[in-house]
Amino acid sequence: MQTKYINISTINEDSIYDEIGLALQNGKLVVFPTETVYGIGANGLDEKAVKKIYEAKGRSSDNPLILHISDINMLSKITKNISFVEKKLIDAFFPGPFTLILERTPIVPDVVTAGLDTVAVRMPSNEIARKIIEHAKLPIAAPSANISGKPSGTEVTDIMDELENKVDYIVDGGKCNIGIESTVVRVIDDIPTILRPGKITKEDILKVVGKVKVDKHIFEKCNSDEKVLSPGMKHKHYAPKTKCVMVYSNNNDTLIKKINAILEDTPNSLVISTTENSNKYNAKYILDVGSKNNLDEISKNIFSTLRKVDLYNVDLAIIEGVSQEGIGLAIMNRLIRACEYNYIEC
Ligand code: TXA
Ligand code: MG
């Protein structure tokens, strides 16, 4: 299929949203920006359209999708039995980088939920995303815009090659503000449990509900036969083809020493470094991911930096770990998975 590219900063008339809304109603695939990452959207109530998303991404059919809504009225169509705690989370974090797993109604096709009796719901705050959903007048199923396993797309130039001619529209809204996918939460026995960390942190949730848990699989590899609360935890994700290792230390001098020692053993390597340390390594290539004192900047840059790794033809990519405070937990979760759990704490 021929992909139509739309740059929303140059074409911003309402008629363009009418066209995209109609395309979604007619079962087409639309790549669109959100505040977290780009999504590949389709009519979330149309089984055939949703199947096309799995095909375009090469995604395993046992990994369910998030339904994106633009107003709270859409929620009652697709979910039921919302509890007091769930309601509090919705009031606090919708719209925003937050996904809640809720009991689903029969209107939601099995292909969206991979046969589960729950559905993931998110109301993005990005204005372009909201307008697209509003014009479609439908909940939009959308996973991150990337081929399965690869880092999520945070700007159109990163994903053009892999998605062109696999989707009907690519809507370019510039670089995503947050750069890491939404926090995914399920309330279990009245306790919000974080299944995927993101910009909404455990501290944010604690303030609203007074209780929060973090699922152990955020940092632990799942066994293939293990039962997990979110199928996405099991799948390979965010990994460049190049072998990666993440190095973490509370002490910056120890960190620099360790990375330089690895570089001595494996000279054909690159380092993904924080700005402050970027002149401290004897490396062939250094990719600066942002200041260690600004985790929001690192979050915004991390996926596009991971996507560059394979361009350098190196034997190893060494990645500096960051603090696990706030959004640092989400950054570390993505880095550990990019390294396929190959990390050194020193
Ligand atoms: O920020 C985001 O969440 C982006 C943008 C586009 O909204 N979307 C995104 O979707 O990251 P995706 O499909 O790449 O990740 C959705 C995650 C997967 O790990 C999936 O397993 C999990 O949510 N998930 C979806 N439905 C679920 C359910 N019913 N129960 C548990 N986990 C679910
Ligand atoms: Mg994804």
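Source: prediction; values computed, not measured. (Residues numbered from 1 in each chain as written. Chains lettered and ligands numbered in written order. Predicted model: local features only at pLDDT ≥ 70, side-chain atom pairs only at ≥ 80, totals over all residues. Heavy atoms only, no water.)

The helix and strand tally for the protein chain stands at eleven helices and 17 strands. Here the protein chain has a C-alpha radius of gyration of 20 Å; the compact-globule value for 346 residues is 20 Å, and the two agree. Across the 346 residues that make up the protein chain, the buried fraction comes to 56%. The contacts in the protein chain between residues at least 6 apart in sequence include a share of 67% that link residues at least 24 apart. In the structure as shown, the protein chain presents an accessible area of about 14,900 Å², 47% of it carried by carbon and sulfur atoms. Computed over 43 positive and 46 negative side-chain charges, the inter-centroid distance for the protein chain is 2 Å. (Helix = DSSP H or I, 4+ residues; strand = E, 2+ residues; numbered from the N terminus. Rg over C-alpha atoms; globule rule 2.2 N^0.38 Å. Buried < 20%, exposed > 50% of the residue type's maximum accessible area, 1.4 Å probe, protein only. Contact = heavy atoms within 4.5 Å. Areas by Shrake-Rupley, 256 points an atom, 1.4 Å probe, with all protein chains shown as cover. Lys, Arg positive; Asp, Glu negative; His and termini not counted. Charge placed at Lys NZ, Arg CZ, Asp CG, Glu CD.)

Bringing the site of ligand 1 into the picture now. Taken together, 25 residues lie around ligand 1, and T36, N63, H68, S182 and G232 are the ones closest in. In the environment of ligand 1, an oxygen atom lies 2.6 Å from a nitrogen or oxygen atom belonging to the side chain of N63. Backbone polar atom of G232 to an oxygen atom of ligand 1: 2.8 Å apart, as the coordinates give it. Burial of ligand 1 by the protein chains amounts to 97% of its free accessible area of 690 Å². Going through the elements one at a time, β4 (66–68) and β7 (118–122) are the ones with two or more residues in the shell around ligand 1. Top element by residues in the shell around ligand 1 is β7. It accounts for three residues. Broken down by class, the residue content of the shell around ligand 1 amounts to twelve nonpolar, nine polar and four charged. (Near = heavy atom within 4 Å. Polar contact = N/O pair within 3.5 Å; in protein donor to acceptor, adjacent residues only side chain to side chain. Nonpolar A, V, L, I, M, F, W, Y, C, P; charged D, E, K, R; others polar.)

Before going further, it helps to spend a moment on the packing of aromatic side chains. A full pass over the atoms with the stated rule returns four aromatic pairs. Measuring from centroid to centroid gives 6.3 Å for F94 and F98, while their planes differ by 65°, and the two rings are edge-to-face. With relative accessibility at 0%, the residue F98 sits in the buried group. Chaining the aromatic ring pairs together yields one cluster made of F93, F94 and F98. (Phe/Tyr/Trp six-rings, centres within 6.5 Å; stacked < 30°, edge-to-face > 60°.)

What follows is about the pattern of salt bridges. Under the defined criterion, the tally for this structure stands at eleven salt bridges. Residue D110 pairs with R104 through a salt bridge whose shortest N-O separation is 2.6 Å. The exposure class assigned to R104 is buried, which follows from its relative accessible area of 14%. With a closest N to O distance of 2.9 Å, R334 and E181 form a salt bridge. Pair noted here: R334 is in helix α11 (residues 328–338) and E181 is in the loop between β9 (169–172) and β10 (183–188), with a separation of 153 residues, a long-range link. Each member of the pair, R334 as well as E181, is classed as buried. (Salt bridge = Lys/Arg side-chain N within 4 Å of Asp/Glu carboxyl O.)

On domain assignment, one finds that the protein chain holds domain 1 (4–218) and domain 2 (244–345). For domain 1 versus domain 2, the distance between C-alpha centres works out to 29 Å. Here domain 1 and domain 2 share three salt bridges between them. Our enumeration of links across domain 1 and domain 2 arrives at ten residue pairs in polar contact (both at pLDDT 80 or more). For the side of domain 1 that touches domain 2, the leading source of residues is helix α7 (residues 156–163), giving three residues. Tallied by class, residues from the side of domain 1 that touches domain 2 come to ten nonpolar, ten polar and nine charged. (Domains from an automatic or database assignment.)

In a regular helix each residue adds 1.5 Å, so 14 residues correspond to 20 Å; helix α10 (residues 295–308) covers 20 Å between its end C-alpha atoms and thus fits that length. Of all the bends in α10, the largest measures some 45° and sits at I302. Extensive coverage of α10 is indicated by the burial of ten of its 14 residues. All buried positions along α10 are accounted for by L295, I298, S299, N301, I302, F303, S304, T305, L306 and R307. Summarising the contacts, the buried residues of α10 are in contact with α7, β14 (269–274), β15 (285–290), β16 (316–320) and α11. (Expected span 1.5 Å × (residues − 1). Bend = angle between axes of the 7 residues up to and from the residue.)

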